[in-house]
Amino acid sequence: MENEMRSIGEMARESGLGVSALRFYDRAGVLVPARVDPASGYRWYAPGQLDEARVLARLRRTGLPLADIRLVLAGWSGADADLVRGLLQAHLRRLERGLAEARSEFSTLEALLDHRENPMTASPRTGTVRLSLPAPALADALDAVRFAAGRDPELPMLGGVLFDVEGDTLHLVATDRYRMAVARLAAVGHGGAREQVIVPAPLVDAMRALLDDDGPARFAVEGDRVTLEAAERQASGRRLAHDFPDYRRLVQLPPGRRVAVDVPEFREALESGPVRVAEDREPGRQARDVSVLSTVDDGTVIVCGDGAPDEEADGAAHHVGVDRGYLLDALAAADRDRLVLEFGPAATAPLAIRRMDDEGAFSVLMPVRLDD
């Protein structure tokens, strides 16, 4: 019988429920392991519990309330399915009502947007910008943000890099909703009001290819045309005719805990360490490898395994789950041997990755839910 038992990791892989979800349902008394090792606390599941776990995974994806999940599972193997059918149909009616209410709210929001922006009276984009920038600094800034640019064709305003110039400072910003990167550098030549220009990603890449020497680079905007000149070469194209979201609001993070990490060692820990496979709840997105990070009282960061952070190490204080691939991208883009990871006050707060020598260059990763 022992050989037929499934570990919690095996049960997670075969059922579609994550390890954290299995722990949650154990604590809730919904799916209790057949055996728990008294010494290690490790959970083992009987063969017959796999089908129940798969049903539970489907119920979870529908958003069925926990109280109803208990009743459905209790009645699932019974001869009379009326209770189960009644609970499922009642939940489906709730979902349909919720969808109708959501459609109504979206209609109202769209009407408000239509009232705010009338295409017949919208002003053309006629701003003029002329900047002189050190080519190495611009190259470093582009490298720091390019990885975060969006690729979703339904959100074209995120498909590039924002050039935000104000006074003698240029900010470069990119985001795909799940991560954001910001870089700052000094600029010369712009004496006017604040100007924002979204440069499409292919043009950004063409601009970056010009920045291979130490000379100056000249960035210019004339109407809807954007141009970069460097080393007697030029890249030019149209700006994106969209407005970028207010990134300054998005990077106002709650105070948390900052921990310095040795990047090569941390990258190795990520690449060889444990991950959780998280099914994204947004249609069209594939399952992701999630690394769970936790700070410890000795000032280090650990990559947690199957256990919850407070079960893995004494003194674990802050923890967050993030897409491992996104985090590795952010470490590479930061291009430093030591960086600062800034953890928020809760697992629902974003994780910030900051350079120690430049507070103006950082990236932010949205967390992955770990609570169930």
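Per chain, the residues get numbers from 1 upward, laid out in the order the sequence is written. For this predicted model, a pLDDT threshold of at least 70 governs which residues receive local features, and a threshold of 80 or more governs which side-chain atom pairs are given and counted, while totals over whole chains, interfaces and linings are taken from all residues. The side-chain values count all of the structure's non-hydrogen atoms but skip hydrogen atoms and water molecules.

**Q** Describe the sheet that holds strand β1 (residues 6-7), listing the residues and the values that go with them.
**A** Strand order in the open sheet made by the three strands is β1-β3-β2, with antiparallel pairing throughout. Two strands close off the open sheet at either side, each with one partner strand: β1 and β2 (35-36). Bridge count between β2 and strand β3 (residues 43-45): two bridges; the pairing is antiparallel. Residue Val-36 lies in a different strand from β3, and its bridge partner there is Arg-43. A pair of strands counts as paired when DSSP detects no fewer than two bridges linking them. Counting from the N terminus, the helices are the DSSP runs of H or I reaching at least four residues and the strands are the DSSP runs of E reaching at least two.

**Q** So, the pattern of salt bridges: which residues are in play, and what are the values?
**A** By definition here, a salt bridge exists when the distance from a side-chain nitrogen of Lys or Arg to a carboxyl oxygen of Asp or Glu is within 4 Å. The final tally for this structure, using the stated rule, is 21 salt bridges. We note a salt bridge from Arg-130 to Glu-222, for which the minimum N-O separation is 2.4 Å. With Arg-130 in strand β4 (residues 128-134) and Glu-222 in strand β9 (residues 216-222), the pair connects residues that are 92 residues apart, well separated along the chain. For Glu-222, a relative accessible area of 39% gives the class partly exposed. With a closest N to O distance of 3.4 Å, Arg-324 and Asp-289 form a salt bridge. Of this pair, Arg-324 sits in helix α11 (residues 324-334) while Asp-289 is found in strand β14 (residues 288-295), placing the two residues 35 residues apart along the sequence. When a residue's accessible area, from a 1.4 Å probe over protein chains only, is under 20% of the maximum for its type it is buried; when over 50% it is exposed; and in between it is partly exposed.

**Q** Tell me about the packing of aromatic side chains, residues and numbers included.
**A** By convention, a stacked pair of Phe, Tyr or Trp rings (six-membered ring in the case of Trp) has centres within 6.5 Å and planes under 30 degrees apart, an edge-to-face pair has planes over 60 apart, and any other such pair is tilted. A full pass over the atoms with the stated rule returns three aromatic pairs. Relative to Trp-44, the ring of Tyr-42 lies with its centre 6.1 Å away and its plane at 65 degrees, an arrangement referred to as edge-to-face. For Tyr-42, a relative accessible area of 32% puts it in the partly exposed group. Taking the relative accessible area as the measure of exposure, Trp-44 reaches 22% and is therefore partly exposed. With a centroid separation of 4.6 Å and 10 degrees between ring planes, the pair formed by Phe-163 and Phe-219 is classed as stacked. Separated by 56 residues along the polypeptide, Phe-163 in strand β5 (residues 160-166) and Phe-219 in strand β9 bring together distant segments of the chain.

**Q** Which residues make up helix α2 (residues 19-27), and what are the values?
**A** Most of α2 is tucked away, with seven of its nine residues classed as buried. Looking one or two residues beyond α2, the residue adopting positive phi is Gly-29, at roughly 75 degrees.

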